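Structural characterization, general
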Amino acid sequence: MYVSVLTRATRRVTFFFFLMIRRPPRSTLFPYTTLFRSNDLMRSEVEAGLFFIGFCNGEPGGTIRYQHEDQQFWPDVNPGEAAYLHRIAVLRKYSGGELSTALLDWAVERATLDGKKFLRLDCDSSRPRLKSVYEKYGFHHHSDRQAGPYHVTRYQITLCCR
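Quick summary incoming for the structure in this document. Worth saying up front: this structure is predicted, and the values here are computed from it rather than measured.

A short note on the packing of aromatic side chains
Counted under the stated rule, the structure contains 8 aromatic pairs. Arranged with centres 4.5 Å apart and planes meeting at 45°, the rings of Phe-52 and Trp-106 form a pair that is tilted. A residue pair is termed long-range when its members are at least 10 positions apart, and Phe-52 in strand β2 (residues 51-56) and Trp-106 in helix α4 (residues 98-113) qualify at 54 residues. The residues Phe-52 and Trp-106 share a single accessibility class, namely buried. A ring pair is formed by Tyr-134 and Phe-139, whose centres lie 6.2 Å apart and whose planes are at 70°; its orientation type is edge-to-face. The class of Phe-139 is buried, set by a relative accessible area of 2%. Among the aromatic residues, ring-to-ring pairing joins Tyr-134, Tyr-137, Phe-139 and Tyr-155 into one connected group. Here the basic side chain of Arg-154 rests over the ring of Trp-74, its NZ or CZ set 4.3 Å away from the ring centre.

Below is the structure:
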């Protein structure tokens, strides 16, 4: 299986990909209303180069949003010391496999190259299986936080040699 990460996602590919991963309402990976809360927001995030698409054997299979700050979920940490991940998603046929790991590996490498001390992410506190995925990868529990309507568990991984 060949896995790669595209460095710049286009708005069309990103939007299409999110439509592909959308699941029935009870199991939606991202609530539809928050995922597409604003076409302008999505456009600006893609145009800012925040979204990256992971490919498996040449087919788009996963996505990740990588950024250098996160005031919504991490307002209480030192600015500039970390990179942040959001909207990590993999098509069902690739779930639990190499693509998820490849996306996280890519983010660790990118954050290290960017001179960051930590790579951070958060997830819904009520998702034990997802939390387990991050913990098995090597992320450590940082804290729990209420961020607006979201109660999230925050994780970080310390990057080597920083």
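That covers the picture; the talk isn't over yet.
A word on the pattern of salt bridges
Counted according to the given criterion, the structure contains 4 salt bridges. Between Asp-114 and Arg-110 there is a salt bridge, and its shortest N-O distance comes to 3.4 Å. Judged by its relative accessible area of 31%, Asp-114 is partly exposed. Among the residues examined, Arg-110 registers a relative accessible area of 27% and is labelled partly exposed. Through salt bridges that share partners, Asp-76, Arg-145 and Arg-154 make up one connected network.

Observations regarding the side chain of Thr-63
When you line up the elements, Thr-63 lands in strand β3 (residues 59-67). In terms of polar contacts, Thr-63 uses its side chain to reach the backbone carbonyl oxygen of Phe-52, at 3.1 Å.

Section: unusual backbone geometry
With phi around 50°, Arg-87 is a residue other than glycine that occupies positive phi space. Locating Arg-87 in the fold gives a position in strand β4 (residues 82-90). Its relative accessible area of 11% is what places Arg-87 among the buried residues.

Description of the nonpolar core
Residues Ile-64, Tyr-66, Leu-85, Leu-119 and Phe-139 are the most contacted members of the largest nonpolar core, which totals 24 residues. Counting residues per element, the ones that place at least two in this core are β2, β3, β4, α4, β5 (118-124) and β7 (150-158). If you tally residues by element for this core, the top one is α4, at 6 residues. When near neighbours in sequence (up to four residues on either side) are disregarded, Ile-64 contacts Leu-50, Phe-51, Phe-52, Leu-85, His-86, Arg-87, Ile-88, Leu-103, Trp-106 and Ala-107. Counting residues in each nonpolar core, the second largest holds 8 residues, with Phe-73, Ala-82, Tyr-84 and Ala-147 among its members.

Regarding the pairing of strand β6 (residues 140-147)
In this sheet, β7 lies alongside β6 in antiparallel orientation, the contact comprising 7 bridges. In the strand pairing of β7, His-140 is matched with Gln-156. Between β6 and β7, which pair antiparallel in sequence order, lie 2 residues; one of them, Gly-148, sits at a positive phi of approximately 65°.

Calculation notes
- Residues numbered from 1 in each chain as written.
- Predicted model: local features only at pLDDT ≥ 70, side-chain atom pairs only at ≥ 80, totals over all residues.
- Heavy atoms only, no water.
- Phe/Tyr/Trp six-rings, centres within 6.5 Å; stacked < 30°, edge-to-face > 60°.
- Helix = DSSP H or I, 4+ residues; strand = E, 2+ residues; numbered from the N terminus.
- Buried < 20%, exposed > 50% of the residue type's maximum accessible area, 1.4 Å probe, protein only.
- Lys NZ or Arg CZ within 6 Å of the ring centre and 35° of its normal.
- Salt bridge = Lys/Arg side-chain N within 4 Å of Asp/Glu carboxyl O.
- Polar contact = N/O pair within 3.5 Å; in protein donor to acceptor, adjacent residues only side chain to side chain.
- Core = buried A, V, L, I, M, F, W, Y, C linked by side-chain atoms within 4.5 Å.
- Contact = heavy atoms within 4.5 Å.
- Pairing = 2+ DSSP bridges.

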